[in-house]
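# Residue-level structure breakdown
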Amino acid sequence: MGKQHKDQSKHKLSRRDVLKGLVAVPFLGALGWGVIRQKFHYQNLNRNLLENVNVHFPAGIPGLVPGKKIRIGIVGFGSRGNYLAKALGFAHPDAVDQWKELAAKDDAWKAHYNNFMDQDDLNAEITAVCDVFDVHAQRGIETAANIHRNGRGGNMGKVPVRYRTYKELVAAPDVDAVIVATPDHWHVPVALEAARKGKHIYCEKPLSWTVPETYAIRERVKDKGIVFQLGHQNRQTDSHHAARSLISQNVLGKISLIEVCTNRNDPKGAWVYDIHPEAGPHNIDWEQFIGPAPWHAFSLERFFRWRCWWDYSTGLSGDLFTHEYDAVNQILELGIPHSAIASGGIYYYKDGRTVPDVLNMAFEYPERDLTLLYSATLSSDNDRGKTIMGHDAYMKLGNTLVVDVDPRSTRYRENIEKGVIEPGKPVLTYVPGQDQVDAVTSATEQYFAGRGLLYTYRGGKQVDATHLHLKEWLNCIRRDDGCRPSCNIDMAFEEAMTAHMGTIAYHENRKVFWDKDNERIV
Amino acid sequence: MTYTKGQAFWLVLLRIGIGWHFLYEGASKMLDPSWTSKPYLIDSQGFMSCFFEWLAAHDDILLIVDMLNEWGLSLIGLSLILGLFSRLAAVAGALLLFLYYLSHPAWPGLDYVYPQDGNFLIIDKIIVEMLALMVVYVFPTSHIAGLARILPVKN
């Protein structure tokens, strides 16, 4: 070879040498032509499918409205109270230490820990804590004092006051706003008292435990002009904003059926929570826990697993259907249905609970010509997601969003016949973090989107939806110009009434109607 | 090294064919602004999976991995088609393919989320292409048909 190489440099190149030397030219030409054709083909597909469709996305993470530090009191410091405190920027020092330890070994925990440490400061402090269980209250105090997100032995801030009753907490002069994270039967009594004192409210879902109190809280919140946010953090989910935007542009055609589901299959998912080993009558204020509920002798099971009994819970309808309902209401503005039917039973968890573990409900919206169907089981993990079915296309919605064209669509018939659209292949896919909707999604993305391996992002950054939801509430409080958060009291009223209609239909085994003019369930 | 006409023809075609595949893989990644190797890396299995998942978990490292893939595939492909530095390209290509194999080994008992076109046991198409590149390496052809024939360089 070396000899030949030398020969080449000595002799003048022949025509044959040049031709063979440039063997790549036709291949590169063909490849270049192919690449351009391919690119043009995809662009063309995108253009044809997305013609006149503009998808709206939330523009990154909203900024913090400047103003004074907001002083928050938290009523109920159980698992949800802890989560909300974390979304506000407060975690117990032991939890911080534990995350740090796990982060050293596991990348998923490292991301979790870093996300918390990098989470924006919301310019809020927790000045008051109330919980009927001493252990939870103490943990709440230590969590709230951890203003620098430190571990054990780190620098702590001012210790908040623990109040024995919610009435004392909401009356405290250093409380501007109240977070209600109690069991369901206490949501409205605490919120009513807070509103009476003019305190702003972030209330966990569902809004109410009974129908009458739903009217009472709506009236009081409106009278007092406080800022109210219901804890449906789905309002901040990117894919829901994209779905709303697509549906408003009639991408799906006439929608006739919406199916939403709950599927869980483990004891904790079925509300069989752990019983704290130190808990007993000596450190639980049982009488206060019972409150408006029917009297029952002290029971650790009822205290920690309260969601299993109607005495304190709103069952599947109030606890889990409301998540689905609020997401659909956010996307389609359905409001309260015309009627509801329900059926189900306690089919798997024969543990003495009174709320069903299988529930199916159908809500009719004759004015919109559609049905909202809910189907739930706590003993199967077959995740069915949400499906919005239109004449021209159907949308599957989770953290990701996929639109499939219906083979019998009228709107897309021409494109189906031309072969531009292939029914059965998604025409639109939205993957969080991508901030664009793509008609031609790669096999890779489809596989991963469908399997939930991609995270929820906002503007490329992984964010906790609950954190954003609290931020929206705090921003409204600071703005002080009558601004209303996305899950305001009217949305909350619709959520609670719809859930109550389903529950009443289940209890009374009949079709239940909403009298729109008189705003009454009949 | 001298070849018969038939040997030279098929060896040149093998070199260009593999080059074509590499260049298109690289170009299509460059042309898709949302492409990233992240999901592929997350899907890794086998004894090296920790390493590939670690790559995927760090955004700054991932950026380098993505760029190396895009440019590596394209340049190796271009070099093989052009017949310029194609022995170096063959080794680099084989190495890159071996890394892909390590991230997704076709060993019994491993399942991938990624779609696979065919049935493989230990030897898969990545390994076959890697072996073919080693053939390209030991049977160089750029001096027969390629830029190395007309430029004063070693092939």
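The rules we used
Residues numbered from 1 in each chain as written. Chains lettered and ligands numbered in written order. Predicted model: local features only at pLDDT ≥ 70, side-chain atom pairs only at ≥ 80, totals over all residues. Heavy atoms only, no water. Helix = DSSP H or I, 4+ residues; strand = E, 2+ residues; numbered from the N terminus. Buried < 20%, exposed > 50% of the residue type's maximum accessible area, 1.4 Å probe, protein only. Contact = heavy atoms within 4.5 Å. Areas by Shrake-Rupley, 256 points an atom, 1.4 Å probe, with all protein chains shown as cover. Lys, Arg positive; Asp, Glu negative; His and termini not counted. Charge placed at Lys NZ, Arg CZ, Asp CG, Glu CD. Disulfide = S-S within 2.5 Å. Expected span 1.5 Å × (residues − 1). Patch = residues over 30% accessible without salt bridge, like charges linked within 9 Å, V, L, I, M, F, W, Y side chains within 5 Å. Salt bridge = Lys/Arg side-chain N within 4 Å of Asp/Glu carboxyl O. Pairing = 2+ DSSP bridges. Axes fitted to C-alpha atoms, helices over the stretch in contact; angles between N-to-C directions. Parallel < 35°, antiparallel > 145°, perpendicular 65-115°, else oblique. Nonpolar A, V, L, I, M, F, W, Y, C, P; charged D, E, K, R; others polar. pLDDT = per-residue confidence, 0-100. Domains from an automatic or database assignment. Buried area = accessible area lost by both parts, 1.4 Å probe. Polar contact = N/O pair within 3.5 Å; in protein donor to acceptor, adjacent residues only side chain to side chain.

### Topic: the overall build of chain B
In terms of helices and strands, chain B carries 6 helices and 0 strands. Ordered by position in the sequence, the α and β elements of chain B form the string α-α-α-α-α-α. With respect to the three principal axes, the spread of C-alpha positions in chain B is 45 × 35 × 20 Å. Counting every position in chain B, which comprises 155 residues, the buried fraction comes to 48%. Long-range pairs, those at least 24 residues apart, make up 73% of the contacts in chain B between residues at least 6 apart in sequence. For chain B, the exposed surface amounts to about 8000 Å²; the carbon and sulfur share of it is 73%. One finds the centroid of the 8 positive side-chain charges in chain B at a distance of 21 Å from the centroid of its 12 negative side-chain charges.

### Notes on the overall build of chain A
Counting secondary structure elements, chain A contains 18 helices and 19 strands. Considering chain A as a whole, with its 522 residues, one finds that 53% of them fall into the buried category. When contacts within chain A are restricted to residue pairs at least 6 apart in sequence, long-range pairs at least 24 apart make up 72% of them. Roughly 23600 Å² of accessible area belongs to chain A as shown, and the carbon and sulfur atoms make up 50% of that amount.

### Quick look at helix α11 (residues 238-248) of chain A
All names here are of chain A. Buried residues dominate α11, accounting for 8 of its 11 residues. Taken as a whole, α11 has its buried residues at Asp238, Ser239, His240, Ala242, Ala243, Ser245, Leu246 and Ile247. Of the residues flanking the end of α11, it is Asn250, one or two places downstream, whose phi is positive at about 60°.

### Remarks on the state of the cysteines
Residue and element names in this part refer to chain A. Scanning all chains against the criterion turns up 1 disulfide over all chains. Between the sulfur of Cys476 and that of Cys483 lies a disulfide, 2.0 Å long from S to S. Taking the torsion about the sulfur-sulfur bond, which here is approximately -115°, the covalent link between Cys476 and Cys483 counts as left-handed. Take Cys476 and Cys483: they sit in the same class, and that class is buried.

### Thoughts on helix α10 (residues 211-224) of chain A
Residues and elements named next belong to chain A. Across its 14 residues, α10 extends 21 Å between first and last C-alpha, which sits within 8% of the 20 Å expected from 1.5 Å per residue. What α10 keeps buried is the set Val211, Glu213, Thr214, Tyr215, Ile217, Arg218 and Val221. Elements that come into contact with the buried residues of α10 comprise α9 (187-196), β6 (228-230), α18 (489-508), β18 (512-515) and β19 (520-521). Just downstream of α10, Gly225 is the residue with a positive phi angle, here 65°.

### A short note on a nonpolar patch on the surface
Where nonpolar side chains cluster on the molecular surface, the patch consists of B:Phe47, B:Trp107, B:Leu121, B:Ile122, B:Ile123 and B:Val128 and spans about 610 Å² of accessible area. Assessed through its relative accessible area of 57%, B:Leu121 is described here as exposed.

### A look at the sheet that holds β6(A)
All names here are of chain A. If you walk across this open sheet you meet the 6 strands as β3-β2-β1-β4-β5-β6, and the pairing is parallel. Because the sheet does not close on itself, it has two edges, and the strands there are β3 (161-163) and β6. Strand-to-strand, the axes of this sheet are offset by a mean angle of 25°, without reference to chain direction. Where strand β2 (residues 124-130) lies against β3, 3 bridges are found, and the strand directions are parallel.

### Describing the packing of helix α3 (residues 49-57) of chain B against helix α4 (residues 59-82) of chain B
In a packed pair of helices, the relevant descriptors are the angle between the two axes and the axis-to-axis distance. Residue and element names in this part refer to chain B. Their axes nearest at 6 Å, the elements α3 and α4 cross at an angle of 105°. By the angle between their axes, α3 is roughly perpendicular relative to α4. For the pair α3 and α4, contact is made by Trp54, Leu55, Ala56 and Ala57 and by Asp59, Ile61, Leu62 and Val65, respectively. Taken together, the residues of the contact of α3 with α4 sort by class into 7 nonpolar, no polar and 1 charged.

### Some words on the confidence of the model for chain B
Summary statistics for chain B give a mean pLDDT of 91 and a share of 97% for residues scoring 70 or more. At the low end of the mean pLDDT range in chain B sits helix α2 (residues 38-42) of chain B, at 82; at the high end sits helix α6 (residues 125-138) of chain B, at 97.

### Here's the deal with the domain arrangement of chain A
Interface size is often expressed as the accessible area that is lost when the parts come together. All names here are of chain A. Along its sequence, chain A is carved into domain 1 (70-235) and domain 2 (238-470 + 496-521). Using only C-alpha atoms to locate each centre, domain 1 and domain 2 end up separated by 24 Å. Across the contact, 42 residues belong to domain 1 and 47 residues belong to domain 2. Carbon and sulfur atoms make up 57% of the area that domain 1 and domain 2 hide from each other, which totals about 3900 Å². Area buried by domain 1 at its contact with domain 2 is led by Val132, Trp209 and Arg235, which between them contribute 18% of it. In this structure, Asp326 engages Arg235 in a salt bridge whose closest nitrogen and oxygen atoms are separated by 2.7 Å. In this structure, the connection of domain 1 to domain 2 is made through 28 residue pairs in polar contact (both at pLDDT 80 or more). Broken down by element, the side of domain 1 that touches domain 2 gets its largest block of residues, 5 residues, from helix α4 (residues 79-88).

### Describing the pattern of salt bridges
Residue and element names in this part refer to chain A. Taken as a whole and judged by the stated rule, the model has 26 salt bridges over all chains. One salt bridge in this structure joins Asp351 and Arg353, with 3.0 Å as the shortest N-O distance. Between Glu508 and Arg510 there is a salt bridge; the shortest N-O distance is 2.6 Å. The class for Arg510 is partly exposed, based on a relative accessible area of 34%. A single salt-bridge network, built from bridges that share partners, covers Lys68, Arg71 and Asp176.

### Quick word on the environment of A:Pro423
Mapped onto the fold, A:Pro423 is located in the loop between α15 (413-418) and β14 (426-430). Spatially, the C-alpha atom of A:Pro423 lies 54 Å from that of A:Arg71, the residues being 352 residues apart in sequence.

### Focus on unusual backbone geometry
Residue and element names in this part refer to chain A. Cis rather than trans, the peptide bond between Lys205 and Pro206 has omega equal to -5°. Inspection of the secondary structure puts Pro206 in the loop between β5 (200-203) and α10. A positive phi angle, close to 70°, is found at Trp271, a residue other than glycine. Mapped onto the elements of the fold, Trp271 is located in the loop between β7 (255-263) and α12 (286-290). A relative accessible area of 0% places Trp271 in the buried class.

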